[in-house]
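One letter stands for each residue in the lines below.
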Amino acid sequence: MNKYDMMIACNRKTSEEKVNRAVTEIRQMLTDREKVTVPKLVKRTGLSRGFFYKNETVRKEMDRALEQQAGMIDPKRYIGDIVMKNRID
């Protein structure tokens, strides 16, 4: 195996590790019933924003997660709404 092939293999392995890290974190956020957002994922994984938008596998996983969370209520917003309603009353 020449240097070029070794470099390609190394890059492919690194890329797969990044995808696995991102998908694992997305699934963990779903399990924890936490809203999946790109800024949170960037902070937790250390990967770039562009990675979450450009990588097809990760993008599909994010889209699937967002579809599942479409009806989910943000707990902070829900509590804020209750507080505002009580103040108005």
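Rules of the game
Residues numbered from 1 in each chain as written. Predicted model: local features only at pLDDT ≥ 70, side-chain atom pairs only at ≥ 80, totals over all residues. Heavy atoms only, no water. Core = buried A, V, L, I, M, F, W, Y, C linked by side-chain atoms within 4.5 Å. Buried < 20%, exposed > 50% of the residue type's maximum accessible area, 1.4 Å probe, protein only. Helix = DSSP H or I, 4+ residues; strand = E, 2+ residues; numbered from the N terminus. Contact = heavy atoms within 4.5 Å. Salt bridge = Lys/Arg side-chain N within 4 Å of Asp/Glu carboxyl O. Polar contact = N/O pair within 3.5 Å; in protein donor to acceptor, adjacent residues only side chain to side chain.

Undergrad: Outline the nonpolar core, listing residues and values.
TA: Of all hydrophobic cores here, the largest spans 15 residues; its most connected members are Ile26, Val36, Leu41, Phe52 and Val58. Looking at this core, the elements that each hand over two or more residues are α1 (3–31), α2 (38–45), α3 (49–54) and α4 (56–68). Examining the composition of this core, we find that 6 residues originate from one element, α1, more than from any other. Discounting chain neighbours no more than four positions away, the residues touching leucine 41 are Glu25, Ile26, Met29, Val36, Gly46, Phe52 and Met62.

Undergrad: Give me the pattern of salt bridges: which residues, what numbers.
TA: Counted by the stated rule, this structure contains 7 salt bridges. Here arginine 27 ties to glutamate 61 by a salt bridge, and the two come within 3.1 Å at their closest N and O atoms. Residue arginine 27 is located in helix α1, and its partner glutamate 61 is located in helix α4; the two are separated by 34 residues in the primary sequence. Given a relative accessible area of 46%, arginine 27 falls into the partly exposed group. Using a relative accessible area of 10% as the deciding quantity, one classes glutamate 61 as buried. Residue glutamate 34 pairs with arginine 44 through a salt bridge whose shortest N-O separation is 2.6 Å. Of this pair, glutamate 34 sits in the loop between α1 and α2 while arginine 44 sits in helix α2, and the two are 10 residues apart along the sequence. Given the relative accessible area of 22%, glutamate 34 is considered partly exposed.

Undergrad: I'd love a proper account of the side chain of asparagine 55, names of residues and values included.
TA: Counting through the fold element by element, asparagine 55 comes out in the loop between α3 and α4. Polar side-chain contacts of asparagine 55 include one of 3.2 Å to the backbone nitrogen of valine 58. If sequence neighbours within four positions are ignored, asparagine 55 has contacts with Val19 and Gly50.

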